[in-house]
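The lines below spell out each chain.
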Amino acid sequence: MVGAALTYELARRLTSPNWAIADEHARRIWALERTLHVAVERELQAALLPAPWLLRALSSFYLLGHFVLTALFLLWLYRRSRPEFARLRDALLLATAVALVVHWGFPTAPPRLAHLGVADTLRSLLGVDIGSPGHAALSNPVAAVPSLHAGYAVGIAIALWRTGSVFARTLAIAYPAAVLVTVVATGNHFLLDAVTGGAVVAVAYALQPGKSWLYFRLRRGVEQPGSSPGS
């Protein structure tokens, strides 16, 4: 996972954003959403503007909370079930690789930077300017589609659902919903970006075999369930 993060960062630094193309792609997505009657970005943000404390919390969650919770969940899953952890890990790695290709071939500006009437809550409420043409050092500014925030949330939801407990399955529904509201309300992603990100991770997860291809088998000599000593 660390290696994948470093690879993603290296690829980002080697890519020079083409803002003209990224803005054009953002407008195409916006037009498609309006055709499908799912262009909810402005309305959702406007509904939350009277509660700046909530938008501030969502913006903070977008910047840091998502990464912290994802890391903590992976650590928990690693301790709970190595095969389940390996399967989710490989799905996230595959989905991230696919996303990198899409980011390169279809760079897309986020709504907050595409001049579509969506406010940049990161800047206005937190004073953080990331991704804009003058401050692109801390993020990939034209990687709106697919949304890896939403995609990773769907991956976590799948793993939670597979645990079978009522509490975990409740979280499996609530967590991706919260991430969806976060990425849209803060102007970082279009609704279709989030849907695409979730679909990429879901497909990547479905493609994983029962036992992960990166999962190391138990070493020889270690007793396995159902085997006799020395077998």
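One can find the structure itself at the top, above this paragraph.
Below or above, wherever it landed, is the structure these notes cover. Note that the structure is predicted; figures quoted are calculated from it, not measured.

Time to look at the overall build of the protein chain. If you tally the helices and strands in the protein chain, you get 9 helices and 0 strands. Going from N to C terminus, the protein chain has its helices and strands arranged as α-α-α-α-α-α-α-α-α. Across the 231 residues that make up the protein chain, the buried fraction comes to 43%. When contacts within the protein chain are restricted to residue pairs at least 6 apart in sequence, long-range pairs at least 24 apart make up 80% of them.

The residue Val154 is located in helix α7 (residues 148-163) in this model. Given a relative accessible area of 22%, Val154 falls into the partly exposed group. For the pair formed by Val154 and Leu180, sequence separation is 26 residues and the distance between their alpha carbons is 9.9 Å. Aside from chain neighbours lying at most four places away, what touches Val154 is Gly198 and Ala202.

Across the interface, helix α3 (residues 41-48) lies against helix α8 (residues 166-185) with an axial gap of 9 Å and an inter-helix angle of 95 degrees. Here α3 is positioned roughly perpendicular relative to α8, judged by the angle of their axes. Note on element contacts: α8 touches α3 through Val181, Val184 and Ala185, opposite Glu41, Leu44, Gln45 and Leu48. Looking at the contact of α3 with α8 residue by residue, the class counts come to 5 nonpolar, 1 polar and 1 charged.

A few words on unusual backbone geometry. Between Val145 and Pro146 the backbone carries a cis peptide bond, its omega angle lying at -5 degrees. Of note, His37 is a non-glycine position whose phi angle comes to about 60 degrees, a positive value. Looking at His37, the relative accessible area reads 73%, which means it is exposed. With phi around 60 degrees, His115 is a residue other than glycine that occupies positive phi space. Turning to its location among the elements, His115 is positioned in the loop between α5 (82-105) and α6 (121-126).

The rules behind the values
Residues numbered from 1 in each chain as written. Predicted model: local features only at pLDDT ≥ 70, side-chain atom pairs only at ≥ 80, totals over all residues. Heavy atoms only, no water. Helix = DSSP H or I, 4+ residues; strand = E, 2+ residues; numbered from the N terminus. Buried < 20%, exposed > 50% of the residue type's maximum accessible area, 1.4 Å probe, protein only. Contact = heavy atoms within 4.5 Å. Axes fitted to C-alpha atoms, helices over the stretch in contact; angles between N-to-C directions. Parallel < 35°, antiparallel > 145°, perpendicular 65-115°, else oblique. Nonpolar A, V, L, I, M, F, W, Y, C, P; charged D, E, K, R; others polar.

Any link to function would need more than the numbers given here.
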